[in-house]
Every structure is written in C-alpha cells, then in structure tokens.
Amino acid sequence: MMFLISFQVIWWWYVMPLVWGRGLRLLMTRKSEKKGWERLKFWKRKEVEEVIEDGVFDWAMGGLAYLGVIVLMKYGLGSIGGYFGLVWLVSVLMMMVNLAHWPRINLKTFGMRLAGLGLVVILAGLVTWWWRYKSPYPLNWDWYQHQSLMSLIEKGKFSLLASQMSNTFGFNSYPPTFHLLGAIAQFPAKLTPEYVVMFWKVASFWHFVVVGVASFWVGKVIGGSKWVGMVAMVMGIFWFDSSVSFTNLFWLPQTSAATIFAMMWARMTEEGYRFKWGHVASIVMLPLMHYVVGGLAVVILVAVMGQRWLKEKGWKGSYVEIGVAMVLLAAIGGVMLSYQVDLSELNQGEAGKFMYSLEEKREKLEQVYGYGVYLLLPLGVVAVWRRRTLAGEWGLLVLVGLMAVMVSNFPYVLKFFTLGRFLLHALMASGLWLLAERMRWGIAKSMVVIGLGGVMMGMMIVNFETWKTGLWYQGEYTHIADEDIEMARLIQQRYGQEGVLLISDPSTQFIWEGLSGVDSAGGAYMPRIYRELLSDGLNQDAEQLAGRLRLIGDPLYRVEKRVLVISGRTFAWLEAADEDKYYFHFNIWSPRELSLNNWEVVSKIASYPEFELVFASSYAAIIELK
Amino acid sequence: MAWGIRLPYQYPVVSVGLYQMSEFESGLSLYQTGKQGPYYSLSPLNDYIVDTTGNRMPLLSGGEFVNGEYEWVKGGGKLGEIEKVIQAYLGTSGPSYEMVKDGLRVKYETRIEGNEVEVVRRQLWEKARRWSGQGMTLRFGVDDVVFDPVSLAVYSWSQESELDFLEAFLGRRLMQVEGLTNYQLLPRNSVAIVNPNLASILVVEIPEGNRLAVDREYHLIESVEQRQELGQESESWLKIRAVNNWEEIGK
C-alpha cells in the first residue's frame, strides 16, 4: 500500500498540478511565440532545470486551476458531483498538451540531478526513520482536522470557507485548497483509518523531500554555490523546528505554503530570472494555502518581483536602502503595536497560549540550533555581504524582516518561521562554507565534517526526545493507540452514513473523526457550551447526561443519531481544571486506558435505558443514545 | 544546555506498560500521566539498612533531605546528560538516580524490557561498615489494594466494598486475611498492587532468599535481606511488571 500511496501523492499532488500549469501556459502562449520558441530550441537538448525552471509557478497555477474548477462547479452549478472524474479527464488532456511540447532533455546531466535528488531522498529517509523510531503513527496532531476536510470533499461537500464545511473549523485560517489537492490525491481510494494513516505518513515523507530540495535551492542562490546549497539542504533536513512552525516533518497548509514560497523566492532571485506576469497570478496560490503565512509570503514575493520588474524597465534606484528602511520601520511599528494590542483571546483563548516572551523564543531557537546559530549566522551575514548578490541581499533583508515579526508580541508569530527557516539555514550554510572553503580536504577537514555531522545528529535526537517525551504510551511515542484505529474502523463501518454525530472529549472525537470521517461535535475545537454540557453530564447521572447530549449538535449538518464515546482520554479531560478543559489549547495528547473507576462510570451510563452499549474494551466504550 | 545543545526540560521519561518512569529529586517514580493515581517511588528516603544493634536507618533521612545535606548527582557531566537523553530516546537505557551524602553514595539503575523494569540499587560506603540487614522498598498509594497474586490474600487496609468492586473487573475474589499486623511478612516473593484510579496492575518481584514485607503504616513494599556482613558495597534489586489484565499476571 505504501508504494501505491507514494505514487498517488507524487502523481496527483506534485506532478499533475505541474502538468496542468504547464499545459495552461503552453495553451495560453501566443502561437507565433510558441512556434518560434520550438523552432529555435528544438535542436538543443535542455537541462532538466531549464524545462522546469518555472515549474513551481506552473505547479501553483495548476493548483489554482484545480480550485477554480471546483469553485465554478460549486458556485456556478451548485454541485461538485463529477468533479473528480472531470479532474481525471482534464489531466489526460493536459498530459497530451505537455507531450506535444515535450522538450529533449540532456540525459547525461539529468543523471547527476537525479543522483542529487536521490541523496535528498536518502537523507530524508534516514531522518524519517529516526523520527518514526517507536512512533508507528504520524506525530502531526493537526492532520486529523485536515483529513476531515479531505474526507468531506470526497463526499461532495465543498465551500471556500472551511467553517462552512466542518464545525471543527470555527476559525478560517485557510480555504480548503490544501485539502482539495489532498482529496484529489486520495481519490478513488476507500478512506479507511489504515489508509488515511498511511497516506499521511507517505505524504509527510514526500513533503520532507521537497523541503530538502527547496532548502538546497535557496542555499544555492544565496550562497552562490551548490556546496552551500548542499549544506543548507542537510540543515533543512536535520534541524526540526519543533515549535509552532514544524516545517520539515509536518505536512500542513502552512508548511506547504512556505515550501512553495521558498522555491518561488529562490527562482525569482536567481541569476537569469525574467519577470513574467503569469508569475503574479501564480503567487495567489500562497494565501489560498494559508492566509497568514501565504499572505506574508506574497508580500515578500511582490517586493522581489517589483524590484526585478523595475530593474528590467531600467530603474537605477537602490532597493536595498529602501528595503532596509521599510523593513526597519515596519518592524519597529509592528513590535510597538504588538505590545499595545491584546490578541490573546483570539480563537477562544488558544492564541494566548501561542504568545512567547523573548526569553522563551531565544530558548526555542537554542533548542533547535544550539549555540551554533550565534556563530554561523553572523559568519553567513559576512559571507553574503562580501558576495553582494541579489539573492544574498534579499535573503538578508527578508530574514531581518521576518525576525522582527517574530520578535513582536502577536500570537502565532512563530508560524512565520516556516518561511524564515529556509533563509536562516541558507545564511548559516553560507557562514559554515566561509570557514570550510578555506580548509583543504584532509584529515582535519574530514574530522570537522564528521564531528559536525555527529553534533547535528545528536541535536536532532535530543530535539526529537524533547518534543516526544510527553507522548509515551506502551513503549511508543504516539498520539494514538492501535485501539483508536480499530475502533475508528468500527464506527466508520457502523455509522459511516450521514446524520450521525460522535460526541466525546475534544481529543477523542477529533482523532476519531479524522480517522473515520464520521462527523463529531467540533473535534478538538468543540465549542465551550458543548464542553460544559458534556462535562456536566458526565459528572451527574446517566439521565442528566442523556438530556445534555441531546443539546449537543452540529449547526452544519442534521443529526439523527448521537453516539457517545467514552475513553480514558475522556476522564483525563474531565478531571482537568476548568481553565484547561473548556479551552482549545488543551488536549489529551497521548492515549489513556480506562481505569477501574472509569469503568464503573461507563457501566452505570450503559445500564440506563436511553443508552445502548455498542462496543466496549479496556480502551473505550461506544454508547448509542436512543 | 550542554555542549551547545539545549536539553529537554524534563528528565528522560520512559514507558513501562501504561506507566511512565522518570527521575525525581528524591529517587525514581512510576506513574500514569493524566490519571489521579499514586507515584510509586523507589527512594533512599525509604530504603534502609539495619545495623548490628537492630536499628533501622534510612539511607537518606527526612532531615537530610529537607536541609539539602546530600547531592543529587546528574551523572556523567554534560556529555553524559546528552547521552542519557539519546539513550532514553532509543530505549537503550532507563532512567537512573544517584545521590551522595556524607560517607555514602547510592545509585538506582533501571533496565526495561517490555512491560517490566528491573531496578538495581547500589550503595557504596566510604568506609566498610557492619550491618545485619537491608531493605529495598517501593512506596504504594493510600487507595491501593495489595494482594498475593496466587492466594489472592489482601495485605492492605481495604474495605469489602472495594473488593466487591475489584471482583467485578478482575474476575477474581480477593480475600481479607485476619490478624494482619502493620508490618506483615509475606509468604511468597511476589506481590500485586492495583489502584482503582489506574488502568493496570503492578506485580513486584524480589530476589529468592529475601523476604517480602508490606508496611501498611507507611505504604511500603519491602524486599528485606537479612545477613551479617562487613563491607563497603552492597547491591539489591527488585522487578516491577505492569500488566493490563489478570491473565498477564501469571506470565
């Protein structure tokens, strides 16, 4: 199944949007230009990067086209029935367009590029193996909510507002673009819990590989050398930004937007890049992946594009001075504003938990990079300043701007590290290279490389341990147990039809909804009123509980049957303090078994005539409300 | 922070069945995160030696602990700390605890295999001393039911209603034993502990030749070794197995 899913992910998530985008570009290119282009260059074998030089823009354009078609169907025709069939049909047509304009690739150099990609895959595979050591299931907590949207799209539900598709989304951070591409990749597979778990493991791995490629590219353009690119790639793979941003190991809307940004940015600052209006359209994809991260990415890319456009028009002004002045002004203004405006109550108080003091931010930086960052970053600045390339100056400017944003006191600002890490790594790699290129290969240099590799590996494992240590369960680091999979399969088989509402503590219903596709009462983002009803009900008798459960619903979908799930997590949640259990920041992150006392409560509930015990194990009980 | 690497805030935590185990200021503890259950601790505050006059002396007295008259040793220096974290991640070693006080060094080391942890305690006196016995202990919770897994005899202060409740879930009737004293020697070398707030049973096993005792007043399971010896070093161990149901107790 792993290879089949790998094919699905690579083909439908990565290749087909590129094929669509390139196909559209070819179709929209004026006939005379196209003929001339082909006539002039047909004889020449091209390097693969020449062929896909604008591939990331094509990919984004293809993704936009995926989205455009479904939006037209939903808001024009009123239904998305037949969407997946249409996508397949258009894909065949686009492949034909691409094949008709297939350039001749220089296979000699293509082999070298493929070997480079192979190295990224091997390194990513090695780190993934360490990451998944004693972790059989994905450790990306958010994937359950994203999978819920993908499952809904496959069931024919779609809206540009995620909050109109699922009550898990009370806060619209993104339209379901990421989820649409994911749903296309999953089609036509049956979304069993086993399948979706495997899908996320595989998709996360390929995302990791693409992060490695993007890191290489950014490092190469900033450092002006493929060796700097290689060092940046190794850093991008080994260093896990383990707080809020999670770029390399977690496949998410924000991390996908950041990775596309990194590649677009690298392309735009590369020598030989020529501004095209089509690229302006492509970057619209970024905020459609994630409003905040993608939105800031667009601001940065528009600035780069503007400067390149002006330069092509012959403008002689200095963008660096203007840029520095703007970044400094924005940074000072932003930081001052952030300490005046209190946004901690956003997202039902969750935002307040994602506001860190400067001291905490410094600790997190050291957590990921150790003290090395204080040495390599200044050296990188020196290296870049000496070379004075466009990419280097832009990289420095953007990184300073992003760092200023991250210093501010707004909630969630560490999310911007998804963008900043690529530039930080490229600068650190440049700094390291500044030292390394002066050393001759020999025992000393080999020892330094081996030593650095060992330190990076050690830091990576310590960072993994720090992040995972609270997730111990039965000898594994995990968010879920085998029983979660088994019981999600059971409820999918029994309650897969519409009109069923799962009700449990926020963590249990969040996980089970993601695994099974059965609707829940808000998942991990269960509204406070429902949390209070469930908590009150469980703390009283079965009759009171039944009454309260009937008040819990889903404003988006009709509810005909309510199914109560009581797990060990439910009691752990119930026993938590009010300032935790009624708020979004609090989850029961690792599995819990039912204790003997818990079982007594379950038995009393199940014996009440309005309830029917459907299934019970030492892990959880599934109880229908009649 | 060690060698440029920022270490986790928590000491390495490992899993023993449904329990977690980690190092604290006063020793090692087994517990279940997120459950209102007890911390089962192995500590020099409870472990003791018996001198030749029959006096029981804790390895670390309450007064010494409160006044800080001991040092909690974080083994191996900075590199050792990093190694400890990496080994915990790989599961190649469990947590350990070491303390030093005037004239005595005590170290607890663990080896984890599946759902079982073997805890080895080593004590090293600065000068050879004569003793007649020693005890290695596991502190259990006030609500715990302590019983013999073979005879089903209960050795803790437990109400009949608790035993009724446990019968429903264990599928076995535990039996009260008449005439127990606060300090009760047990006939076997293993004993089981169950807490209604937790989802697992702990089975404690001690070496052949030692006596197993339950101190009902201080909530201690004791592995008591009685032999006259003059020496600087001694070693003792006990094994703790976390099982999820009755069938696993006998395995």
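The structure presented is a predicted model; accordingly, all values stated were derived computationally and were not measured.

Cut-offs and rules
- As a convention, each chain's residues are numbered from 1 in the sequence order in which they are written.
- Each chain takes a letter, starting from A, and each ligand takes a number, starting from 1, following the order in which they are written.
- Residue-level local features of this predicted model are given only where pLDDT is at least 70; pairs of side-chain atoms are given and counted only at 80 or more, and the full residue set underlies all totals for whole chains, interfaces and linings.
- Values reported for side chains reflect all heavy atoms of the structure, with hydrogen atoms and water molecules removed beforehand.
- A run of H or I in DSSP counts as a helix once it spans at least four residues, and a run of E counts as a strand once it spans at least two, with each numbered from the N terminus.
- C-alpha atoms define the radius of gyration in this analysis, and the globule rule sets the expected value at 2.2 Å times the number of residues to the power 0.38.
- A 1.4 Å probe rolled over the protein chains alone gives each residue an accessible area, and that area as a share of the maximum for its type sets the label: buried under 20%, exposed over 50%, partly exposed in between.
- Residues count as neighbours in contact if any of their non-hydrogen atoms are within 4.5 Å of one another.
- Accessible surface area values rest on a Shrake-Rupley calculation with a 1.4 Å probe, where residue burial reflects the displayed protein chains alone.
- Positive charges come from Lys and Arg alone, negative charges from Asp and Glu alone, with His and the N- and C-terminal ends not counted.
- For charged residues, the charge sits on one atom: NZ in Lys, CZ in Arg, CG in Asp, CD in Glu.
- Paired strands, in this sense, are two strands between which DSSP finds at least two bridges.
- With axes taken as lines fitted to C-alpha atoms, and helix axes fitted only over the stretch in contact, angles between N-to-C directions fall between 0 and 180 degrees.
- In this scheme the crossing of two helices becomes right-handed for a clockwise turn of the near helix relative to the far one and left-handed for an anticlockwise turn of less than a right angle.
- Residue polarity follows a fixed list, in which Ala, Val, Leu, Ile, Met, Phe, Trp, Tyr, Cys and Pro are nonpolar, Asp, Glu, Lys and Arg are charged, and the others, Gly among them, are polar.
- Two parts placed together each lose some accessible area; with a 1.4 Å probe, that loss summed over both constitutes the buried area.
- Contacts described as polar in this section are N or O atom pairs within 3.5 Å, which, within protein, must combine one atom able to donate a hydrogen with one able to accept it, while residues neighboring in sequence count only if both atoms come from side chains.
- A helix is expected to span 1.5 Å multiplied by its residue count minus one.
- One side-chain nitrogen of Lys or Arg within 4 Å of one carboxyl oxygen of Asp or Glu is enough to make a salt bridge.
- Per-residue confidence from the prediction method is given by pLDDT, with values spanning 0 to 100.
- Stacked, tilted and edge-to-face are the three classes assigned to paired rings of Phe, Tyr and Trp, where Trp is represented by its six-membered ring and a pair needs centres within 6.5 Å; plane angles under 30 degrees give stacked, over 60 edge-to-face, the rest tilted.
- Consider a residue and the seven residues that end there alongside the seven that start there; fitting an axis to each set, the bend is the angle between those axes.

### A closer look at the overall build of chain B
Reasoning step 1: Along its length, chain B carries 4 helices and 18 strands.
Reasoning step 2: Over its C-alpha trace chain B gives a radius of gyration of 19 Å, about what one expects of a compact globule, namely 18 Å for 251 residues.
Reasoning step 3: Oriented by its inertia axes, the alpha-carbon framework of chain B measures out at about 55 × 45 × 30 Å.
Reasoning step 4: Here chain B, with 251 residues, has 56% of them falling under the buried criterion.
Reasoning step 5: Expressed as a percentage of contacts within chain B between residues at least 6 apart in sequence, the contacts between residues at least 24 apart total 62%.
Reasoning step 6: Put simply, chain B shows about 11100 Å² of open surface, and 48% of that area lies on carbon and sulfur atoms.

### Some details on the overall build of chain A
Reasoning step 1: Across its full length, chain A carries 27 helices and 6 strands.
Reasoning step 2: Over its C-alpha atoms, taken along the principal directions, chain A stretches across nearly 80 × 55 × 50 Å.
Reasoning step 3: Of all 626 residues assigned to chain A, the portion counted as buried reaches 58%.
Reasoning step 4: Put simply, 77% of the contacts in chain A that link residues at least 6 apart link residues at least 24 apart.
Reasoning step 5: Separation between the mean location of the 57 positive side-chain charges and that of the 50 negative ones in chain A comes to 14 Å.

### Observations regarding the sheet that holds strand β5 (residues 611-616) of chain A
Residue and element names in this part refer to chain A.
Reasoning step 1: Taken in spatial order, the 4 strands make up an open sheet running β3-β4-β6-β5, and their pairing is mixed. Looking along the sheet, the strands with just one partner apiece sit at the ends: β3 (500-503) and β5. Pairwise comparison of adjacent strand axes, ignoring direction, gives a mean angle of 25 degrees for this sheet.
Reasoning step 2: Bridge count between strand β4 (residues 561-567) and strand β6 (residues 620-625): 6 bridges; the pairing is antiparallel. In the sheet register, Ile566 faces β6, and the bridge partner there is Ala621.
Reasoning step 3: Helix-sheet contacts for helix α22 (residues 506-516) involve β3, β4 and β6, and the interaxial angle to β3 is about 140 degrees.
Reasoning step 4: Along the sheet, helix α24 (residues 542-549) makes contact with β3, β4, β5 and β6, crossing β5 at roughly 90 degrees.

### Describing the packing of helix α21 (residues 482-495) of chain A against α22(A)
All names here are of chain A.
Reasoning step 1: For the pair α21 and α22, the least separation of the axes is 9 Å and the interaxial angle reads 65 degrees. Handedness of the α21/α22 crossing: right-handed. Here Asp484, Ile485, Met487, Ala488, Ile491 and Gln492 of α21 lie close against α22, whose contacting residues are Trp512, Leu515 and Ser516.
Reasoning step 2: Here the contact of α21 with α22 is built from residues that sort into 6 nonpolar, 2 polar and 1 charged.

### As for the packing of helix α7 (residues 143-154) of chain A against helix α8 (residues 177-186) of chain A
Residue and element names in this part refer to chain A.
Reasoning step 1: At a minimum axis separation of 8 Å, α7 and α8 run at an interaxial angle of 65 degrees. Regarding α7 and α8, the two cross each other, and that crossing is right-handed. Judged by residue contacts, His146, Gln147, Leu149, Met150, Ile153 and Glu154 of α7 engage Phe178, His179, Leu180, Gly182, Ala183 and Gln186 from α8.
Reasoning step 2: Split into classes, the residues belonging to the contact of α7 with α8 amount to 6 nonpolar, 5 polar and 1 charged.

### Some points on the interface of chain B and chain A
Reasoning step 1: Counting residues at the interface gives 36 residues for chain B, matched by 37 residues for chain A.
Reasoning step 2: In terms of surface lost to chain A, no three residues of chain B exceed Arg6(B), Tyr89(B) and Phe169(B), which account for 25% of the buried area on that side.
Reasoning step 3: The interface formed by chain B and chain A holds 18 residue pairs in polar contact (both at pLDDT 80 or more) in total.
Reasoning step 4: Among the secondary structure elements, those contributing two or more residues to the side of chain B that touches chain A are β1 (14-16), α2 (77-90) and α3 (160-170) of chain B.
Reasoning step 5: Here the side of chain B that touches chain A takes 6 residues from α2(B), the largest share from any one element.

### Comments concerning helix α23 (residues 528-539) of chain A
Because each turn of an α-helix spans 3.6 residues, side chains separated by three or four positions end up pointing in the same direction.
Reasoning step 1: For α23(A), spanning 12 residues, the distance from its first C-alpha to its last is 16 Å, which sits close to the expected 16 Å at 1.5 Å a residue.
Reasoning step 2: Here α23(A) has its buried residues at Tyr530(A), Arg531(A), Leu533(A), Leu534(A), Ser535(A), Gly537(A) and Leu538(A).

### Some details on the side chain of Asp554(A)
All names here are of chain A.
Reasoning step 1: Its place among the elements puts Asp554 in the loop between α24 and β4.
Reasoning step 2: Here Asp554 occupies a buried position and makes no salt bridge, while the nearest side chain of opposite charge, Lys157, is found at 10.0 Å.
Reasoning step 3: Within polar-contact distance, the side chain of Asp554 engages the side chain of Asn167 at 3.4 Å.
Reasoning step 4: In terms of polar contacts, Asp554 uses its side chain to reach the backbone amide nitrogen of Leu556, at 2.9 Å.
Reasoning step 5: When neighbours within four sequence positions are excluded, Asp554 is seen to be in contact with Asn167, Leu501, Asp519, Ser520, Tyr530 and Val559.

### Notes on the confidence of the model for chain B
Residues and elements named next belong to chain B.
Reasoning step 1: Counting all residues, the mean pLDDT for chain B is 88, and 96% of those residues have values of 70 or more.
Reasoning step 2: Mean pLDDT per element in chain B: helix α4 (residues 246-249) is the minimum at 72, and strand β4 (residues 40-42) is the maximum at 97.
Reasoning step 3: As a predicted assembly, this complex carries a pTM of 0.91 together with an ipTM value of 0.85.

### Focus on the packing of aromatic side chains
Reasoning step 1: The tally for this structure, following the rule as stated, stands at 54 aromatic pairs over all chains.
Reasoning step 2: A ring pair is formed by Phe464(A) and Tyr89(B), whose centres lie 6.1 Å apart and whose planes are at 45 degrees; its orientation type is tilted. With one member in each of two chains, Phe464(A) in helix α20 (residues 443-468) and Tyr89(B) in helix α2 form a pair that bridges those chains. Exposure class is identical for Phe464(A) and Tyr89(B). Each is buried.

### Digging into the pattern of salt bridges
Reasoning step 1: Enumeration over the complete set of coordinates arrives at 30 salt bridges over all chains.
Reasoning step 2: Note that Glu359(A) is salt-bridged to Arg362(A), the shortest N-O span being 2.5 Å. One end of the pair is Glu359(A) and the other is Arg362(A), both in helix α16 (residues 358-369) and 3 residues apart, which spans about a single turn.
Reasoning step 3: Judged by relative accessible area, which is 33%, Arg362(A) ranks as partly exposed.
Reasoning step 4: One salt bridge connects Lys107(B) with Glu109(B), and the closest N-O pair in it is separated by 3.5 Å.

### Examining the pairing of strand β18 (residues 220-243) of chain B
Residues and elements named next belong to chain B.
Reasoning step 1: Here strand β10 (residues 116-139) runs beside β18; their pairing, made up of 19 bridges, is antiparallel. In the sheet register, Leu138 faces β18, and the bridge partner there is Ile221.
Reasoning step 2: Of the strand pairs in this sheet, strand β16 (residues 201-205) and β18 are connected by 5 bridges, and their pairing is antiparallel. Pairing of Ile201 across the sheet is with Val243, part of β18.
Reasoning step 3: Taken together, the 5 bridges between strand β17 (residues 211-215) and β18 define a ladder with antiparallel strand orientation.

### A look at the pairing of β16(B)
For a regular strand, side-chain orientation follows a simple rule: the groups alternate between the two sheet faces.
All names here are of chain B.
Reasoning step 1: Of all 5 residues in β16, 4 are buried; the element is thus mostly enclosed.
Reasoning step 2: Alignment of strand β15 (residues 190-194) against β16, held across 5 bridges, turns out to be antiparallel. Bridge pairing links Val191 to Val204 in β16.
Reasoning step 3: Here β15 folds back onto β16, and the loop between the two strands holds 6 residues.

### What about the environment of Phe410(A)?
Reasoning step 1: By the element assignment, Phe410(A) lies in the loop between α18 (390-407) and α19 (417-436).
Reasoning step 2: Linking Phe410(A) and Leu424(A), residues 14 residues apart in sequence, is a C-alpha distance of 21 Å.

### Brief notes about helix α1 (residues 2-28) of chain A
Reasoning step 1: Here α1(A) spans 37 Å end to end across 27 residues, near enough to the 39 Å set by a 1.5 Å rise per residue.
Reasoning step 2: The sharpest bend along α1(A) reaches about 40 degrees and sits at Val15(A), with the proline Pro17(A) one to four residues further on.

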